[in-house]
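# Fold and contact review
Take a look at the letters that make up each chain.
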Amino acid sequence: RHMGILGEYEPDEVLRRLNETKALWEAADPNTPIQLAIEYIAMVAQAEAGRDGMYRAMMPAAEIEKAYNLAKKADAILILDMQIGLSPIEVELPKFKTYLERPEVHLALDPEFSMKTGDRPGTVIGTHSAADINYVINYMSEIVRANKLPPKVLLVHRFTQNMVTNSAAITPTPEVQVIVVMDGWGSKDLKRGTYSQIIVPEPVQFAGLKIFYKNDLKPPSTGIFTPSEVLQLNPKPIFIQYQ
């Protein structure tokens, strides 16, 4: 319940709020079609090392299917988020293969919890390199080609410079489109500043923005972004996430 709206409310209430938010965006930007999405953290960084010392846990298949079914009910895509802890991306990504073989399922990376330094998640901010991200792009591209699927979306969450290194070397493919999502929280002015520092110089391909219902309201903030305010950002975010 502390991790976001998917755990805080019952499914019907989540869908009600999702459609309510969709209506706000349709009013603010009527010329842009809206694709709804459910983003579910399918691999969660842990405070304890676990049996193998990797500080991460894959959510049970039954719980991932609940998120999948919720997305289907909303006519939405499903985005599965990875927080890999101390484990290499090459070890963890194959656990998502059967899900990525479904046309409605896409992927998100959480560099904050990729702990290349060996530190426990949550104690320092982690990082993904361009090599990590290109590995994921190529892995997903092979799945798209082998299964004759529509292109996939890969989200990369970011709110500091070092969370993504050598971004100029990240190479999207026709099969995988990359969205760098600015997911820092705070007041509107703070978020605008982070967006200008993190997204504007290194957009890679497409830009995204995360809006926090609660954290973005912490003082001195006086409110969260409205759709019209988001649309004033340049580059204009193509993916908007609410948590």
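Quick caveat, the model's predicted, so the values are computed rather than measured.

### Overview of the nonpolar core
- Formed by 42 residues in total, the largest nonpolar core has its most connected members in L78, L80, L107 and L154.
- Sequence-distant contacts of L107, that is, excluding residues within four places in its chain, are made with I79, L80, M82, L93, F96, L100, V136, M140, V153, L154 and L155.

### Description of the sheet that holds strand β9 (residues 206-211)
- The strand order across the open sheet built from 8 strands is β2-β1-β3-β4-β6-β8-β9-β10, with neighbouring strands paired in mixed fashion. If you trace the sheet from one side to the other, it starts and ends with β2 (56-58) and β10 (239-242), each paired once. Between one strand axis and the next, the sheet turns through 30° on average, direction left out of account.
- Across 4 bridges, strand β8 (residues 176-182) lies against β9 in parallel orientation. When the bridges of β9 are listed, I179 appears paired with F206.
- Sheet strands in contact with helix α3 (residues 61-73) are β1 (37-45), β2, β3 (77-82) and β4 (105-109), and its direction is about 170° off that of β1.

### Some details on the pattern of salt bridges
- Here the structure, examined in full by the defined rule, presents 21 salt bridges.
- The salt bridge involving R17 is made with E13; its shortest N-O contact spans 2.8 Å. Here R17 and its partner E13 are both found in helix α2 (residues 11-28), 4 residues apart, which amounts to about one turn of the helix.
- The partly exposed category is assigned to E13, whose relative accessible area is 23%.
- One network of salt bridges, with partners in common, ties together E13, R16, R17 and E20.

### Concerning the side chain of S114
- Secondary-structure assignment places S114 in the loop between β4 and β5 (128-129).
- By relative accessible area, S114 is classed as buried at 2%.
- Discounting residues that sit within four places of it in the chain, S114 has contacts with I84, G85, G126, T127 and H128.

### Notes on the environment of D132
- Turning to its location among the elements, D132 is positioned in helix α6 (residues 130-147).
- For the pair D132 and Y213, spaced 81 residues apart in sequence, the C-alpha to C-alpha distance is 30 Å.
- Residues contacting D132, with those up to four places away along its chain left out, are I89, K116 and T127.

Calculation notes
- Numbers given for residues are sequential positions, taken from 1 along each chain in its written order.
- Local features in this predicted model are restricted to residues of pLDDT 70 or higher, and side-chain atom pairs are both shown and tallied only at a pLDDT of 80 or more, whereas totals for entire chains, interfaces and linings draw on every residue.
- Think of the side-chain values as coming from all heavy atoms in the structure, minus any hydrogens and water.
- Residues enter a nonpolar core if they are buried and are Ala, Val, Leu, Ile, Met, Phe, Trp, Tyr or Cys, with the set joined through side-chain atoms within 4.5 Å.
- The cut-offs for exposure are 20% and 50% of the maximum accessible area for each residue type, with area from a 1.4 Å probe on protein chains only; residues under the lower value are buried, those over the upper are exposed, and the others partly exposed.
- Residues are treated as being in contact if the distance between any of their heavy atoms lies within 4.5 Å.
- Here a strand pair is declared whenever DSSP counts at least two bridges between the two strands.
- Each helix is a run of H or I in the DSSP string that is no shorter than four residues. Each strand is a run of E no shorter than two, and both are numbered from the N terminus.
- Interaxial angle, 0 to 180 degrees, is taken between N-to-C directions of lines fitted to C-alpha atoms, where a helix line uses only the stretch in contact.
- Any Lys or Arg side-chain nitrogen found within 4 Å of a carboxyl oxygen on Asp or Glu counts as a salt bridge.

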